[in-house]
2 protein chains.
Amino acid sequence: MPFVVEPIGHVQASRAQAEDDFWGNEEARVNLAPSFSSEALHGLAEFSHAEILFVFHQVDEAKIISTARHPRNNPDWPSVGIFAQRGKNRPNKIGSTICRILRVEGTSLVLAELDAIDGTPVLDIKPVMREFLPRQAVRQPSWSHELMASYWLAK
Amino acid sequence: MPFVVEPIGHVQASRAQAEDDFWGNEEARVNLAPSFSSEALHGLAEFSHAEILFVFHQVDEAKIISTARHPRNNPDWPSVGIFAQRGKNRPNKIGSTICRILRVEGTSLVLAELDAIDGTPVLDIKPVMREFLPRQAVRQPSWSHELMASYWLAK
């Protein structure tokens, strides 16, 4: 059974096109849709981080992977399932990123390190609580560290 | 502009009804929809944790909050915006939880600490990479620690 989701806001950012790396010095905003008031963000600035769920809206449906592929199509890395990677060409095209909260301004949330392009539809904003982060040591394959090596560097 | 999302699978779990606390000893499965093969999960077991995006499908549309409220309606905690809390009665009704991967069995992912009830539609599975966790110290208000005090305890 399908579900219909409605953007709660949109990203205002400097990048107009998807890029793989160098998101470190990005400052971006989530501007809430007109149906929301500033009340919806009340208290959020007491948190240091927020998790932003958004839609990779520019991904062509025909390019969605539902099996396996080499991350970033790089043959140096193993072919892994689409649910074992975080690439954008995925079923439902939903991205999820933990960002640093810089400030709240009315119905706008100003963030550092949101890896989404200008105009991206936002589905949710959640405060980051330590209790919802991994409660044990994190283990991951070496290809994923290689893939992320330049991701958060400044441009 | 609304988006249509389609469950990629469903949760198989012991709890049939939503509960606030004591999710610590839960073991649950995400069973992929028939359109997927085991390829979609290939390589996921090399990660210790996965982020599961799911729909709080039992939430009545009429009970969705788009302004502010006391978390869990507890007047001891401040009234904060719906985007400053993680409660289920939220626009788009999407939940996001980082779970521990126990094992992959064919088209099933077996998880510890998935706080979702039996039958929950799943929208995405993402591997947890340290690089996507907060890259700075996490700060959060004291009410959120109080709210989470019993969340991951065993029942």
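Quick notes on the rules
- Residues numbered from 1 in each chain as written.
- Chains lettered and ligands numbered in written order.
- Predicted model: local features only at pLDDT ≥ 70, side-chain atom pairs only at ≥ 80, totals over all residues.
- Contact = placed C-beta atoms within 7 Å.
- Helix = DSSP H or I, 4+ residues; strand = E, 2+ residues; numbered from the N terminus.
- Nonpolar A, V, L, I, M, F, W, Y, C, P; charged D, E, K, R; others polar.
- Pairing = 2+ DSSP bridges.
- Axes fitted to C-alpha atoms, helices over the stretch in contact; angles between N-to-C directions.
- Least-squares fit on C-alpha atoms with pLDDT ≥ 70 in both.
- Buried ≥ 20, exposed ≤ 12 C-beta atoms within 10 Å, placed from the backbone.
- pLDDT = per-residue confidence, 0-100.

## Concerning the interface of chain B and chain A
Argument step 1. Between chain B and chain A, the residue contacts involve 63 residues of the former and 63 residues of the latter.
Argument step 2. Going through the elements one at a time, β1 (3-5), β4 (49-55), β6 (80-81), β7 (94-105), β9 (121-127) and α1 (142-148) of chain B are the ones with two or more residues in the side of chain B that touches chain A.
Argument step 3. When its residues are assigned to classes, the side of chain B that touches chain A shows 35 nonpolar, 15 polar and 13 charged.
Argument step 4. Here strand β1 (residues 3-5) of chain A pairs with β1(B) via three bridges, running antiparallel.

## What about the sheet that holds strand β7 (residues 94-105) of chain A?
Residue and element names in this part refer to chain A.
Argument step 1. What the six strands build is a closed barrel, ordered β2-β3-β8-β7-β4-β9; its pairing is antiparallel. When the angles between neighbouring strand axes are averaged without regard to direction, this sheet yields 45°.
Argument step 2. Note: strand β4 (residues 49-55) against strand β9 (residues 121-127), five bridges, orientation antiparallel. Among the inter-strand pairings, leucine 53 is bridged to a residue of β9, identified as aspartate 124.

## Overview of the environment of A:Ser142
Argument step 1. Considering the arrangement of structural elements, one finds A:Ser142 in helix α1 (residues 142-148).
Argument step 2. For the pair A:Ser142 and A:Gln12, spaced 130 residues apart in sequence, the C-alpha separation works out to 33 Å.

## Observations concerning the relation of the copies chain B and chain A
Argument step 1. Once turned by 180° and shifted 0.0 Å along the axis, chain B lies on chain A with an RMSD of 0.0 Å. The symmetry that links the two subunits is that of a two-fold axis. Rotation axis and chain B: the residue whose C-alpha lies nearest the axis is B:Val4, separated from it by 2.3 Å.
Argument step 2. By residue overlap, the copies meet face to face through one surface: 100% of the interface positions of chain B are interface positions in chain A.

## As for the pairing of β9(B)
All names here are of chain B.
Argument step 1. In terms of burial, β9 is a largely internal element, seven of the seven residues being buried.
Argument step 2. Strand direction decides the pairing type here: strand β2 (residues 9-12) and β9, joined by two bridges, are antiparallel. When the sheet's bridge partners are listed, glycine 9 is paired in β9 with valine 122.

## Examining the confidence of the model for chain A
Argument step 1. Model confidence for chain A is summarised by a mean pLDDT of 93, while 99% of its residues fall at 70 or above.
Argument step 2. In the predicted complex, the global pTM is 0.95; the interface-specific ipTM is 0.95.

## Description of the sheet that holds β4(B)
Residue and element names in this part refer to chain B.
Argument step 1. As summarised here, the arrangement of the six strands in space is β2-β3-β8-β7-β4-β9, forming a closed barrel in which the pairing is antiparallel. Across the sheet, the mean angle from the axis of one strand to that of its neighbour is 45°, orientation sign disregarded.
Argument step 2. Of the pairings in the sheet, the one linking β7 to strand β8 (residues 108-112) comprises five bridges and is antiparallel in character. Looking at the pairing, isoleucine 101 lines up with leucine 111 of β8.

## Side note on unusual backbone geometry
Argument step 1. In this model, A:Lys93 sits at a positive phi of 50°, which is unusual for a non-glycine residue.
Argument step 2. Locating A:Lys93 in the fold gives a position in the loop between β6 (80-81) and β7.

## A few points about the pairing of β8(B)
All names here are of chain B.
Argument step 1. Only one face of β8 is buried: it carries Leu109 and Leu111, and the other face, with Ser108, Val110 and Ala112, is open.
Argument step 2. The pairing of strand β3 (residues 27-32) with β8 spans five bridges and is antiparallel. Residue pairing for β8: alanine 28 is matched across the bridge by leucine 111.

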